[in-house]
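# Summary of structural features
Here is what each chain is made of, one letter per residue.
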Amino acid sequence: MKNNKVYMPTDALARHSDFDVRYADGSTFLSIKGPWSSERDKVTIFGRMGGEMGCIKPDAKALAYYLKLERWEYVFHTRRIFQDYYVNGMGWQINGTLGKPPLDFLKENDLEKEVHVRAVDFPNHGLCYEIKAKDVAKLRIAVAAVIAMGIKEEYCGLSEGIEAQNASRLTRAKNWLFAGRGKTYEQLLAEEAATEQTTAR
């Protein structure tokens, strides 16, 4: 059987305590541990044999998160919280929110679906996110990205606030570079309300 899907409790981040991500047979895939006191905390990822294999660490402003897995490092960007995310290094575009699954990780260049996340009832563990990767080699980074997304949404953290979703990769890279201090969720809502008023005129 191909182990290309794993299960993570939907309330794992709301509990602010350590948790495990499990295979379909209930065995441990990854163990996730951290202080869980704020968005700025570093979260450590342990493999099924107990050895440390990576971490999720926010930047100085907790705007972007570094996803480190063994010798590889990726960057999780929040363009607009609860709506639009991007994983640099994988080229994954993520539209949606963990609060309203299902959602997909789409490859930026051809919009191919590489990861699918949905909520299911997992026997003996209650409601869980089923994280399914098309390529089993990308399952760990997919799980790290889901956890990063969950942390961002749990603490209602800052967004980069990028407006031009159809902009070129170079333009988006420049926007990220000069993103400044980020925008709060309240600022994004105010911008959306102002845009709707302008459009209605």
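Parameters at a glance
Residues numbered from 1 in each chain as written. Predicted model: local features only at pLDDT ≥ 70, side-chain atom pairs only at ≥ 80, totals over all residues. Heavy atoms only, no water. Core = buried A, V, L, I, M, F, W, Y, C linked by side-chain atoms within 4.5 Å. Buried < 20%, exposed > 50% of the residue type's maximum accessible area, 1.4 Å probe, protein only. Helix = DSSP H or I, 4+ residues; strand = E, 2+ residues; numbered from the N terminus. Contact = heavy atoms within 4.5 Å. Phe/Tyr/Trp six-rings, centres within 6.5 Å; stacked < 30°, edge-to-face > 60°. Lys NZ or Arg CZ within 6 Å of the ring centre and 35° of its normal. 1 Å grid on protein atoms, 1.4 Å probe; cavity = no way out; pocket = protein on both sides within 12 Å on 5 of 7 lines; lining within 4 Å. Points joined across faces, edges and corners; volume = space filled by probe spheres on them. Nonpolar A, V, L, I, M, F, W, Y, C, P; charged D, E, K, R; others polar. Salt bridge = Lys/Arg side-chain N within 4 Å of Asp/Glu carboxyl O. pLDDT = per-residue confidence, 0-100.

## Things to note about the nonpolar core
Buried together is how nonpolar side chains tend to be arranged in soluble globular proteins. One finds Leu67, Phe76, Phe105 and Ile131 to be the most contacted residues of the largest nonpolar core, which totals 46 residues. Among the elements that make up this core, the one with the highest residue count is helix α1 (residues 139-154) (11 residues). Excluding its chain neighbours within four sequence positions, the residues that come into contact with isoleucine 131 are Asn4, Lys5, Val6, Met8, Val115, His116, Val117, Leu139, Ala142, Val143 and Val146.

## A closer look at the packing of aromatic side chains
All chains considered together, the criterion is met by seven aromatic pairs. Between tyrosine 65 and phenylalanine 76, the ring centres sit 6.2 Å apart and the planes meet at 20°, which makes this aromatic pair stacked. Taken together, the residues span a long stretch of sequence, with tyrosine 65 in strand β6 (residues 65-69) and phenylalanine 76 in strand β7 (residues 72-80) at a distance of 11 residues. The burial state of tyrosine 65 is the same as that of phenylalanine 76; both residues are buried. Members of the aromatic cluster, connected to one another through ring pairs, are Tyr65, Phe76 and Tyr85. Directly above the aromatic system of phenylalanine 46 lies the positively charged group of lysine 33, at a separation of 5.2 Å from the ring centroid.

## Some points on empty space enclosed by the protein
Empty pockets left among the atoms are what a rolling probe the size of a water molecule brings to light. Counted according to the given criterion, the structure contains one cavity of 30 Å³ or more. Considered as a void within the structure, the largest cavity measures approximately 30 Å³ in volume. Class assignment for the residues of the lining of the largest cavity results in four nonpolar, one polar and two charged.

## Quick word on unusual backbone geometry
The omega torsion across proline 101 and proline 102 is 10°, close enough to zero to call that bond cis. Take proline 102: it is sitting in the loop between β9 (92-95) and β10 (103-107). If you check the backbone angles, histidine 16 has positive phi at about 55° while not being a glycine. Tracing the backbone shows histidine 16 in the loop between β1 (5-9) and β2 (19-23).

## Points about the pattern of salt bridges
In total, this model carries nine salt bridges according to the counting rule given. Here lysine 138 makes a salt bridge to glutamate 114, at a shortest N to O gap of 3.1 Å. A residue pair is termed long-range when its members are at least 10 positions apart, and lysine 138 in the loop between β12 (126-133) and α1 and glutamate 114 in strand β11 (residues 113-122) qualify at 24 residues. We classify lysine 138 as partly exposed; its relative accessible area is 22%. The exposure class assigned to glutamate 114 is buried, which follows from its relative accessible area of 11%.

## Here we look at the confidence of the model for the chain
On average, residues of the chain score 90 in pLDDT, and 89% of them are at 70 or above. Mean pLDDT values over the elements of the chain span from 61, in helix α2 (residues 169-177), up to 98, in β1.

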